[in-house]
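Overview (structure and organization)
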Amino acid sequence: MNIAIVTTEFVSENNFDGGLANYTYKLAKFLLQRGHQVTVYLVSKQACEYYFDDIKVIKVQMPDIDWKI
């Protein structure tokens, strides 16, 4: 199954290592281990795609995200 997780925090970012970031990471790893394809969509100032521990991460650019930082 293809699963998308949309979040504002993920452990691959330097400034996020709290509860939501860790929960999202652990959930994605759990789903990967069970054979699902997981993509994490992350709000960011700059758009890009990369893999973090076999988890596909897509940063979606939002020009005005100062409210969340």
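Structure report, in brief. All of these numbers come straight from a predicted model, not from anything done at the bench.

**Overview of unusual backbone geometry**
The backbone of D53 sits at a positive phi, close to 50°, despite the residue not being glycine. For D54, which is not glycine, the phi torsion reads 70° and is therefore positive. With respect to the element layout, D54 can be found in the loop between strand 3 (48-52) and strand 4 (55-61).

**Focus: the nonpolar core**
In terms of nonpolar packing, the biggest core is built from 11 residues, these being I3, I5, F10, Y25, A28, L31, V38, V40, L42, I55 and V57. Breaking this core down by element, the ones donating at least two residues are strand 1 (2-7), helix 1 (19-33), strand 2 (37-44) and strand 4. When near neighbours in sequence (up to four residues on either side) are disregarded, A28 contacts I5, V38, V40 and I55.

**Digging into the side chain of T24**
Relative to the elements of secondary structure, T24 occurs in helix 1. Setting aside residues no more than four positions away along its own chain, T24 makes contact with I5, T7, E9, F10 and V40.

**Some details on the sheet that holds strand 2**
The strand order across the open sheet formed by four strands is 1-2-4-3, and the pairing between neighbours is mixed. The outermost strands of the open sheet, each flanked by one partner alone, are strand 1 and strand 3. The mean inter-strand angle of the sheet, taken between neighbouring strand axes irrespective of direction, is 25°. Sheet analysis places strand 1 next to strand 2, joined by six bridges and oriented parallel.

**A word on a nonpolar patch on the surface**
Taken together, the side chains of V6, Y41 and V60 define a hydrophobic patch exposed on the protein surface, amounting to about 270 Å² of accessible area. Within the secondary structure layout, Y41 lies in strand 2.

**Focus: the pairing of strand 3**
On any regular strand, side chains alternate: one points to one face of the sheet, the next to the other face. As paired elements, strand 3 and strand 4 share five bridges and run antiparallel to each other. Bridge assignment links Y50 to a residue of strand 4, and that residue is V57. Here strand 3 folds back onto strand 4, and the loop between the two strands holds two residues, one of which, D53, carries a positive phi near 50°.

Procedures and definitions
Every chain's residues receive numbers from 1 upward, in the order its sequence appears when written. With the structure being a predicted model, the display of local features is reserved for residues of pLDDT at least 70 and the display and counting of side-chain atom pairs for 80 or more, all residues being used for whole-chain, interface and lining totals. Processing note: side-chain calculations cover all non-hydrogen atoms of the structure and skip hydrogens and water entirely. In this description a helix means any DSSP run of H or I spanning at least four residues, a strand means any run of E spanning at least two, and both kinds are numbered starting from the N terminus. Put simply, buried Ala, Val, Leu, Ile, Met, Phe, Trp, Tyr and Cys residues joined by side-chain atoms within 4.5 Å make one nonpolar core. Throughout, exposure labels follow a simple rule: accessible area from a 1.4 Å probe, protein chains only, divided by the maximum for the residue type, with under 20% read as buried, over 50% as exposed, and the rest as partly exposed. Contacts were defined at the residue level, with two residues in contact if any of their heavy atoms lie within 4.5 Å. By definition, two strands form a pair when at least two bridges between them are found by DSSP. Between N-to-C directions, angles cover 0 to 180 degrees, with each direction set by a line fitted to C-alpha atoms, over the stretch in contact for helices. Nonpolar side chains (Val, Leu, Ile, Met, Phe, Trp, Tyr) within 5 Å and like charges within 9 Å form the patches, drawn only from residues with over 30% relative accessible area and no salt bridge. Only the protein chains shown count as cover for residues, with accessible areas throughout obtained via the Shrake-Rupley method and a probe of 1.4 Å. By definition here, a salt bridge exists when the distance from a side-chain nitrogen of Lys or Arg to a carboxyl oxygen of Asp or Glu is within 4 Å.

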